[in-house]
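Here is how the chains run, residue by residue.
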Amino acid sequence: MSEVVNIFPGRQRRDTEGQPLKKHIPLGVGFYPDWWNKHYGISYDRQYYFDPETRIAARQEMDHRLYERFGDIGLGDPDPKPKPFITFGMVLLPAVFGCEIVFKKDALPWALPLNLSDEQVWKLAVPDIVAAYPLTEVMKQIEYLRGKYGRVVGDINTTGVQNLALKLRGEQLYFDYFEKPDLCHHLLAVCTEAIIRLFWLIYKITGTGALDVTPMCDPRLFVLPNCTVEQISLATYEKFNLPYDNRVAKVCHPLGIHHCGSVNQVLDGYAQVRHLKFLEIGFGSDVRRTREVLGPKVAVNARINPVLMKNGDPEDVSREVRRLIDQGRPLENFSIDTVGLTYGTPDENVRAARRTAAEYGKIMKEEQRKKKGLVAGVSKKRETLETVIRSPTRTVRIGTQQPVTIIGERINPTGRKKLARALEENDLKMVQEEALAQVRAGAHILDVNVGVSGIDEPWVLEEVVRVIQDVTDVPLCLDSALPQALEAGLKVYRGKALVNSVNGEEEKLNRILPLVKKYGAAVIGLTLDDRGIPRKAEDRLEIAAKIVRRAEQEGLSREDVIIDPLAMALSADHQAAVETLKALRLIRKELGVNLTLGLSNISFGLPERTAINTAFLNMAVLNGLTCAIMDPTDWEMGRAALLGDLLLGKDENCLQYLAATARQAAGELGENREPASAALPASDLEQLKALVIEGKGREAEELTRRVLEQGSDPQEIIQGTLIPALNVVGERFENRKIFVPEMMVSAKAMQACVDLVRPHLGRTTAEAPLATIVLGTVFGDLHDIGKNLVKLFLESAGLRVIDLGENVPAERFVEAAREHQARVIGLSSLLTTGDPFVEQTVKAVKAALGEQVKVICGGAALTPQFVLKICGADAHARDAADGLKKIKQILAVS
């Protein structure tokens, strides 16, 4: 339940003298049920949700108590009137489908998952929600409130599509994304239809669709709670969730989305949600990028971490509010809230947040516009934007904060007779080989040009796009001078393509830009027009600005325009490189768009071309180049790009450079002017490691059987292949390269392989696990996905896990550790409400078992300082991968 003021359009708060307050961004304050229960005895038990008078009286007391406690900062009401409102948490639809609901006096209601079988999911249909319990009880409350008060306010939290699917299927849904996609789509479709029906049923009664989720937006929006989307990747969201969010948006709009946790990995997916007018993002989100990606017309509410509100001091809180305000501009439709404040949150932290927002977040009248840039009609953009290109399973981000994006140029018949002949004869195997060779060499995007005189270019480009996507998931850049060929390729391309290219000629602008908009692509703009290629950088900037202006008029975002200022041959003009580098700087400064070049043009007609090209590449990067069209199989060029990233701090832990040099030393990279027909074969154990990392369980099991039949050492399979594979998965998860579903399928794949190998180990090794771990979620907490992920990870590493489940009292942890002779106890807690139980459990374990049993704690709400210094635990885990690492350290197992 949130208590928020000054959040709806048209409301204006006044000071004690009746004068209007200066307008500032709204900062909402929301307290968790345990805060209300422990301070004032207000209960959120079953009666609160089923008896409207109990709920109305409780809400009146809340308003009055808030005024007593925080009236000085504008919270509460000195004389609250009855509010005939309805609410049901986010458990109504799960209950309609049959989930058991747990009500507690000091917590929000919680739905226990049904864990439906495959057969049950396939039989699942949308229920008649109006006739289903507990909606029947809600409808009775509505009639009662109408009869007594003449009106009903509030609405019902529908929950989100994936949220509901997880309640019905359980965490098996995350495996289904990879193993049973058709079943996933059936389940998500059923959930979507149920959500739409509930939205409209309540909306017709109260006229709102947001209040039971968040008070931080216009209540007339339909707000969809995507509380679990943080756990999946952008690719998974786009493939499985985005179509259903858009199905909701088609019927229920304008739409808002509530997103728990960091939005960063799926933000580009939300940018594709239709009718989106509001996005609520959790702590850890990049607020500035959210504003840039969604634009100023989408309102954004950023949430402060409740752990900071509870454990920080007022200065920490004020600093965080100021940071969010700085990142959230423009402030006209930006807000902040402090939802989920639990018992123990200092009152002064609440005051610090509110006062800082009022003082630092003042919304001033718009200042006079800054002087226009060098080109009239185009707004000046000093920051470089991020361009996103996608295939169904891979996303490439182009920007100054990213490594240089390499666009492989070798699928181009110009000057390559063998490839031209293959295209003429429709022998597309060579095209596939070229694609794979460039991907192995490090290409992030593949340029595809099939321009051979006399062929049916639209038909050939369509076929080439199909066959390339059959062998690689690297995104494509469709390269043609013919609009009909581009459209043929765009029609069959799966993802968001890059189009190469448009230029400043009126005919090109009129024909190409509508295609780019129609198919949701991005485009490269060449700085030439009807007069040709200008010699001077300033003239190239003028053409670039024209392309950007026309693209924006067509409805494209500036992020989706990449400018190529054109590298001209030094052999024809010794100032060519100087002007191109100057053009890069000017366009970057004035327009902020991403920049590309066809690098090899610079050295045309000169000896030692690679040396010239590599030097020019790094000079171009320093002047704003963000993606390069080049031959990735030329090791010297590839190395130059890698070194640039390395020296500019864009290669974390030097991993990309080290991996590439290792491949080159092994002979996998080189100056390949024609691709090899197949990749160099890896050993079976190397392939097994790769399959586990990729989560390909079936193939991994088959290969495990084969290597066992061939006589591979079982101990080496586990210690030298499977455990290192799991370590890689853990590192990727920690670095947010993969997310919960990918991690789960990889751990499951490894577990299946370990089960096959274990019978072949020596008797002692096979029968004795490394150690026993007792695992559970602390008392008062019913969340289990994180804990279950930890369990899967630990078991995959050969550890024995005793899973006590959720809501586990302290004494049960002690009993289980004794019974099973455990060496480590793992405690999970998602919410700050669990802090007292974490501390109680750690101290109970230490009192009963001393130092012979170590305790490790993890969960979203737990900080190292609280776990180690206040509770006295032995270790804190950031996530499942870190938990495995810390437990191995505790056990002294490498």
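Please refer to the structure placed before this passage.
In this text, all values refer to a predicted model and were calculated from it rather than measured experimentally.

Novice: Looking at this model, I keep getting lost on the sheet that holds strand β15 (residues 445-448). Mind explaining?
Specialist: Whenever strands of a sheet pair, they do so through backbone hydrogen bonds, lying parallel or antiparallel. Around the barrel, eight strands lie side by side as β14-β15-β16-β17-β18-β19-β20-β21; this closed barrel has parallel pairing. Each strand of the sheet is rotated relative to its neighbour by a mean of 30°, with strand direction disregarded. Two strands pair when backbone bridges link them, and β15 and strand β16 (residues 476-479) are joined in this way by three bridges, in the parallel orientation. What sits directly across from Val448, in β16, is Leu478.

Novice: Would you mind going over the pattern of salt bridges with me for this structure?
Specialist: It is possible for side chains bearing opposite charge to pair when their charged atoms get close. Within this structure, the stated rule accounts for 62 salt bridges. A salt bridge links Arg169 to Asp176; the shortest N-O distance between them is 2.6 Å. Judged by its relative accessible area of 0%, Asp176 is buried. Residues Arg351 and Glu348 are paired through a salt bridge, measuring 3.4 Å at the closest nitrogen-oxygen approach. You can see Arg351 and its partner Glu348 sitting in helix α15 (residues 347-360), three residues apart, about one turn around the helix. With a relative accessible area of 44%, Glu348 lands in the partly exposed category. Among the charged side chains, a network of salt bridges with common partners joins Asp72, Glu348, Arg351 and Arg355.

Novice: Whenever I open this one, the sheet that holds strand β26 (residues 875-877) confuses me. Can you help?
Specialist: Ordered by their spatial adjacency, five strands build an open sheet running β23-β22-β24-β25-β26, and the pairing between neighbours is parallel. The strands lining the two open edges of the sheet, one partner per strand, are β23 (800-803) and β26. Averaged over all adjacent pairs, the angle separating strand axes in this sheet is 25°, with direction ignored. One ladder, built from five bridges, connects strand β24 (residues 824-828) with strand β25 (residues 854-858); its direction is parallel. Across the sheet, residue Gly826 finds its bridge partner in β25, namely Ile856.

Novice: What am I meant to see in empty space enclosed by the protein here?
Specialist: If a probe the size of a water molecule is rolled over the atoms, the empty space left behind becomes visible. One pass over the full model with this rule turns up one cavity of 30 Å³ or more. Surrounding the largest cavity, Gly282, Phe283, Gly284, Ser285, Val287, Ala302, Arg303, Glu320, Arg323 and Leu324 form its lining. Among the secondary structure elements, those contributing two or more residues to the lining of the largest cavity are β10 (299-303) and α14 (314-328). Here the element with the most residues in the lining of the largest cavity is α14; it accounts for three residues. Within the lining of the largest cavity, the residues separate by chemical class into four nonpolar, three polar and three charged.

Novice: What's the story with the pairing of strand β9 (residues 276-281) in this structure? I'm lost.
Specialist: Working note: regular strand, side chains alternate between the two faces of the sheet. Burial runs high along β9: five of the six residues are buried. Bridge count between strand β8 (residues 255-259) and β9: four bridges; the pairing is parallel. For Ile257, the partnering residue across the bridge sits in β9 and is Leu279. By the bridge criterion, four bridges tie β9 to β10 in an arrangement that is parallel. Residue pairing across strands places Glu280 opposite Asn301, the latter belonging to β10. Read as a crossover between parallel neighbours, the route from β9 over helix α12 (residues 287-294) to β10 is right-handed.

Novice: What am I meant to see in helix α19 (residues 483-492) here?
Specialist: Within α19, seven of the 10 residues are buried, which leaves the element mostly enclosed by the surrounding structure. Inspection of α19 places Pro483, Ala485, Leu486, Ala488, Gly489, Leu490 and Val492 among the buried residues, and these make up the whole buried set.

Novice: It is not clear to me how the packing of aromatic side chains should be interpreted in this structure. Could you clarify?
Specialist: Given two aromatic rings, one states the distance between the centres and the angle between the planes to describe the pair. With the rule as written, the count across this model stands at 22 aromatic pairs. Note on Tyr177 and Phe240: the rings are 4.7 Å apart at their centroids and 35° apart in plane angle, and the pair reads as tilted. Remark: Phe240 occurs in helix α10 (residues 234-251) and Tyr177 occurs in helix α8 (residues 172-179); sequence separation between them is 63 residues. For the pair formed by Tyr177 and Phe240, the shared burial category is buried. Aromatic side chains Trp200 and Tyr203 sit 5.4 Å apart centroid to centroid with 70° between the ring planes, which places their arrangement in the edge-to-face category. Of this pair, Trp200 and Tyr203 are both found in helix α9 (residues 181-206), three residues apart, which corresponds to roughly one turn of the helix. Given a relative accessible area of 19%, Tyr203 falls into the buried group. Joined through ring pairs, the aromatic side chains of Tyr44, Tyr48, Tyr49, Phe50, Phe88, Phe103 and Tyr133 make up one cluster. The ring of Phe779 has Lys104 lying over it, and the distance from NZ or CZ to the ring centre is 5.5 Å.

Novice: Looking at this structure, I do not really get the state of the cysteines. What am I missing?
Specialist: When the sulfur atoms of two cysteines share a covalent bond, that bond is a disulfide. Under the counting rule described, the total for this entry stands at zero disulfides. Looking at Cys227, it has no disulfide partner, and the nearest cysteine sulfur is the one in Cys260, 3.7 Å off. On the basis of relative accessibility, which here comes to 28%, the residue Cys260 falls in the partly exposed class.

Novice: Could you clarify how one ought to interpret the side chain of Asp631 in this entry?
Specialist: With respect to the helices and strands, the residue Asp631 is situated in the loop between β21 (627-630) and α24 (635-647). Only 3.3 Å separates the side chain of Asp631 from the side chain of Arg410, close enough to count as a polar contact. Within the local environment of Asp631, its side chain forms a polar contact with the side chain of Thr633, the two groups lying 2.6 Å apart.

Novice: Sorry if this is basic, but what is going on with the packing of helix α28 (residues 714-734) against helix α35 (residues 880-891) here?
Specialist: A pair of packed helices can be characterised by two numbers: the angle between their axes and the separation between those axes. Interaxial distance between α28 and α35 falls to 8 Å at its minimum, and their mutual angle equals 130°. Taken together, α28 and α35 sit at an angle that is classed as oblique. Facing α28, whose interface residues are Ile723, Leu726, Asn727, Gly730, Phe733 and Glu734, α35 presents Ala880, Ala881, Asp882, Leu884, Lys885 and Lys888. Class assignment of the residues belonging to the contact of α28 with α35 gives a composition of six nonpolar, two polar and four charged.

Novice: Can you help me understand α9 in this one?
Specialist: At 3.6 residues per turn, the α-helix brings residues three or four places apart onto the same side. For α9, built from 26 residues, the straight-helix expectation of 38 Å at 1.5 Å per residue is met to within 8% by its first-to-last C-alpha distance of 37 Å. The positive-phi residue at the C-terminal boundary of α9 is Gly207, with phi of around 80°.

Novice: Please explain the environment of Asp63 as it appears in this structure.
Specialist: You can see Asp63 is positioned in helix α3 (residues 52-70). Measuring from C-alpha to C-alpha, the distance between Asp63 and Lys81 comes to 9.2 Å, with 18 residues separating the pair along the chain. At 3.2 Å, the side chain of Asp63 and the side chain of Lys83 are in polar contact.

Rules and cut-offs
- Residues numbered from 1 in each chain as written.
- Predicted model: local features only at pLDDT ≥ 70, side-chain atom pairs only at ≥ 80, totals over all residues.
- Heavy atoms only, no water.
- Pairing = 2+ DSSP bridges.
- Helix = DSSP H or I, 4+ residues; strand = E, 2+ residues; numbered from the N terminus.
- Axes fitted to C-alpha atoms, helices over the stretch in contact; angles between N-to-C directions.
- Salt bridge = Lys/Arg side-chain N within 4 Å of Asp/Glu carboxyl O.
- Buried < 20%, exposed > 50% of the residue type's maximum accessible area, 1.4 Å probe, protein only.
- 1 Å grid on protein atoms, 1.4 Å probe; cavity = no way out; pocket = protein on both sides within 12 Å on 5 of 7 lines; lining within 4 Å.
- Points joined across faces, edges and corners; volume = space filled by probe spheres on them.
- Nonpolar A, V, L, I, M, F, W, Y, C, P; charged D, E, K, R; others polar.
- Right-handed = clockwise from strand over helix to strand, strands pointing away.
- Phe/Tyr/Trp six-rings, centres within 6.5 Å; stacked < 30°, edge-to-face > 60°.
- Lys NZ or Arg CZ within 6 Å of the ring centre and 35° of its normal.
- Disulfide = S-S within 2.5 Å.
- Polar contact = N/O pair within 3.5 Å; in protein donor to acceptor, adjacent residues only side chain to side chain.
- Parallel < 35°, antiparallel > 145°, perpendicular 65-115°, else oblique.
- Contact = heavy atoms within 4.5 Å.
- Expected span 1.5 Å × (residues − 1).

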